[in-house]
Amino acid sequence: MFDKNILQPRIIVPLVVISMLSGLAGSAIFSKMDSPSSPSILKVLAQEEDGSRHYIEESDSIEAIKKVAPAVLSIVATKDLEIFKQQPLDPFFPFGDDPFFRNFGLQIPQQQPQQKQQAPETKRQKVSGGTGFIIGEDGLALTNKHVVADTDADYTAVTKEGKEYDVEIISRDPVNDLAVIQLHEHKDDDDNKRKTGEKKDFGDKPKGMPVAGLGDSTKLQVGQKVLAIGNARGEYENSVTAGIISAVNREIQASAQGGGMSETLSGLIQTDAAINFGNSGGPLINLAGEVIGVNTAVDASASGIGFAIPVNQIKPALASVEKFGRIVRPILGVKHVILTKENAKEYKLEALDHGALIVGDRSKKEFGVMPGSPAEKAGLRIDDVILEVNGEKVTEDNNLQSMVQKRAPGDTLRLKVWRASRTFNTSVKLEEKKE
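Residues numbered from 1 in each chain as written. Predicted model: local features only at pLDDT ≥ 70, side-chain atom pairs only at ≥ 80, totals over all residues. Heavy atoms only, no water.

Novice: Is there a simple way to think about the overall build of the protein chain in this case?
Specialist: Along the protein chain, the regular secondary structure elements total 8 helices and 20 strands. For the protein chain, with 435 residues in total, the buried portion stands at 39%. Here the contacts in the protein chain between residues at least 6 apart in sequence split such that 61% fall between residues at least 24 apart. Split by element, the accessible area of the protein chain, about 26100 Å² in all, is 52% carbon and sulfur. (Helix = DSSP H or I, 4+ residues; strand = E, 2+ residues; numbered from the N terminus. Buried < 20%, exposed > 50% of the residue type's maximum accessible area, 1.4 Å probe, protein only. Contact = heavy atoms within 4.5 Å. Areas by Shrake-Rupley, 256 points an atom, 1.4 Å probe, with all protein chains shown as cover.)

Novice: Can you help me understand the environment of Lys187 in this one?
Specialist: With respect to the helices, strands and loops of the structure, Lys187 is situated in the loop between β6 (179-184) and α5 (190-196). A relative accessible area of 26% places Lys187 in the partly exposed class. A sequence separation of 13 residues divides Lys187 from Lys200, and the C-alpha atoms of the two residues are 9.8 Å apart. Among all residues touching Lys187, those that are not within four sequence positions of it are Asp166, Asp201, Phe202 and Gly203.

Novice: What should I look at first to understand a negative patch on the surface in this one?
Specialist: Taken together, Glu251, Glu342, Glu396 and Asp397 make up a surface patch of like negative charges. In this fold, Glu396 is placed in the loop between β17 (392-393) and α8 (400-405). Exposure remark for Glu396: the relative accessible area of 49% places this residue in the partly exposed category. (Patch = residues over 30% accessible without salt bridge, like charges linked within 9 Å, V, L, I, M, F, W, Y side chains within 5 Å. Salt bridge = Lys/Arg side-chain N within 4 Å of Asp/Glu carboxyl O. Lys, Arg positive; Asp, Glu negative; His and termini not counted. Charge placed at Lys NZ, Arg CZ, Asp CG, Glu CD.)

Novice: When you look at the nonpolar core in this model, what are you seeing that I'm missing?
Specialist: Core analysis: the largest hydrophobic core is formed by 42 residues, its most contacted members being Phe133, Leu142, Tyr155, Leu183, Ile285 and Ile314. Not counting residues up to four positions away in its chain, the partners in contact with Phe133 are Ala71, Val72, Leu73, Ala141, Leu142, Ala212, Leu214, Gly281, Gly282, Pro283, Val291 and Val294. (Core = buried A, V, L, I, M, F, W, Y, C linked by side-chain atoms within 4.5 Å.)

Novice: Mind showing me how you'd approach the environment of Ile229 here?
Specialist: Along the chain, Ile229 turns up in strand β7 (residues 225-232). Classification of Ile229 as buried rests on a relative accessible area of 0%. Considering only alpha carbons, one finds Ile229 and Leu284, 55 residues apart in sequence, at a separation of 6.8 Å. Setting aside anything within four residues of it in sequence, one finds Ile229 in contact with Val68, Ala69, Val72, Thr131, Asn238, Ser239, Val240, Asn279, Gly282, Pro283, Ile285 and Asn295.

Novice: When you look at unusual backbone geometry in this model, what are you seeing that I'm missing?
Specialist: In most cases, non-glycine residues show a negative phi, while peptide bonds are predominantly trans. The backbone phi angle of Lys348 is positive, close to 55°, even though this residue is not glycine. Residue placement: Lys348 occurs in the loop between β14 (336-338) and β15 (356-358). Residue class for Lys348 comes out exposed when judged on its relative accessible area of 71%. Unlike most non-glycine residues, Asn390 shows phi in positive territory, near 50°.

Novice: Mind showing me how you'd approach the side chain of Asn295 here?
Specialist: You can see Asn295 is positioned in strand β11 (residues 291-298). In terms of polar contacts, Asn295 uses its side chain to reach the backbone carbonyl oxygen of Pro283, at 3.4 Å. Not counting chain neighbours up to four residues away, the residues in contact with Asn295 comprise Asn144, Ala228, Ile229, Ile275, Asn279, Ser280, Gly281, Gly282, Pro283, Leu284, Phe307 and Ala308. (Polar contact = N/O pair within 3.5 Å; in protein donor to acceptor, adjacent residues only side chain to side chain.)

Novice: What's the story with the pairing of β7 in this structure? I'm lost.
Specialist: For a regular strand, side chains alternate in direction, first toward one face of the sheet and then toward the other. For β7, the buried fraction is high: 7 of the 8 residues fall into the buried class. Direction of pairing for β7 relative to strand β10 (residues 283-285): antiparallel, over a ladder of 2 bridges. Bridge pairing in β10 places Ala228 opposite Leu284. (Pairing = 2+ DSSP bridges.)

Novice: Explanation requested: helix α6 (residues 311-324) in the structure shown.
Specialist: Residues lying three or four places apart along an α-helix face the same way, a consequence of the helix completing one turn every 3.6 residues. Its 14 residues place the ends of α6 20 Å apart at the C-alpha level, agreeing with the 20 Å of an ideal helix rising 1.5 Å per residue. Taken residue by residue, α6 has Val311, Ile314, Ala317, Leu318, Ser320 and Val321 as its buried positions. Across the axial projection of α6, the buried residues extend over an arc of 165°, all falling on one side. In α6, the exposed positions that point more than 90 degrees away from the buried face belong to Glu322 and Lys323. (Expected span 1.5 Å × (residues − 1). Arc of directions from axis to C-beta.)

Novice: Please clarify how the pattern of salt bridges should be interpreted in this entry.
Specialist: Between side chains of opposite charge, pairing is possible as soon as their charged atoms come close. Under the definition given, this model contains 7 salt bridges. A salt bridge links Lys377 to Glu431; its shortest N-O distance comes to 2.6 Å. With Lys377 in helix α7 (residues 374-377) and Glu431 in strand β20 (residues 431-432), the pair connects residues that are 54 residues apart, well separated along the chain. Taking the relative accessible area as the measure of exposure, Lys377 reaches 59% and is therefore exposed. A relative accessible area of 29% places Glu431 in the partly exposed class. Its salt-bridge partner being Arg419, residue Asp384 comes within 2.8 Å of it at the nearest N-O pair. Highlighted residues: Asp384 in the loop between α7 and β16 (385-389) and Arg419 in strand β18 (residues 412-419), separated in sequence by 35 residues.

Novice: Mind showing me how you'd approach the confidence of the model for the protein chain here?
Specialist: In this model, the protein chain carries a mean pLDDT of 78, and residues with pLDDT of at least 70 account for 70%. Across residues 1-46, confidence stays below pLDDT 50; counting only partners more than four residues off in sequence or on other chains, it has 11 contacts. Scored below 50 in pLDDT, residues 93-98 shows 9 contacts in the model against residues more than four places distant or in partner chains. (pLDDT = per-residue confidence, 0-100.)

Novice: Would you explain the side chain of Asn398 in this entry?
Specialist: Mapped onto the fold, Asn398 is located in the loop between β17 and α8. Judged by its relative accessible area of 16%, Asn398 falls in the buried class. Polar side-chain contacts of Asn398 include one of 3.1 Å to the side chain of Glu392. Residue contacts for Asn398: discarding those within four places in its chain leaves Glu392, Lys393, Met403 and Lys406.

Structure (structure tokens):
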């Protein structure tokens, strides 16, 4: 510990003077750095000192968010749910039809059947929440398929400013976790039509809506900074989280929260930007304010592992909506695992280091080859390995699903297939996959 008596007056004065001079010099430097006439000094100093762009990156993040956030929507699903009411107790026998008292030989009076069955009382309730974003000035928008999966529910989109729009489902992607939706001005008579069972009559399309621009996901690099915007947990609309791209071309088996049916999603972007439940369907953007992915899944058993559908997988879907009025996707009809040098040993296929292994469990009636599909018509079986498609090797970076999705229904693919240590060639004609 310093003793305050050690510092003599003759020493203190020079120190104070030096401090004052240092302060003046520092003020001059920071004043110059902040001056509009010399905007490049901060950038040059940052690059010379440690190569970082911390201040510049923060500025880019803020501008990117300002650019995209107005186009982000909170999507709310509502439906009429039955109200369950507890039956009033019989004042002469308040224990009701309790087996405990029945076992003691007590006689339980039976309730008289009602003369007329009344319709159950219902109440309009929110059942789920998600995110979407506008891609057309007329209110055309994108979200996840699982966000609008309930065909019995009505959907409402809420903008950042709090304005509500009715949502029309244009098309649900039969392959990807994607849906194209259309916003409409709210009509007052919609509630009455819903109660009477009439078909919903949507209002006019909006005009001049803010739009999120689509980028290019083929140029993404691991380590690149990204931002996720969404209706976190269905409660915190327009929440922003930041992170980096952790990996590209990921393939996962995704299922809804709580279990249920699962689907294979390929070519995904992995990010450590927090993607919470409710963020589904929101945009993953780069620092230029361009959408490079649609947030779709999280690894619930891990921390900081989220996935997004690359925007370049979405562009063909938008093109087919414009052409056909719905998302048209081709189907091959196989359940598969991409082989690598590492996992080939697990399947006792050490001789192979690439390809798509068709998998399934016959005992559980899990079809590796979908009945009636193009793959079945071409003679493919469980345990076959598709090595090449039109002369291109099937690998992690060039997986089977992405190869198929580049084509259209009616296209013919030439396949090189490995079966029981032998290879052969076959052709398969793709068909349209139904929702």
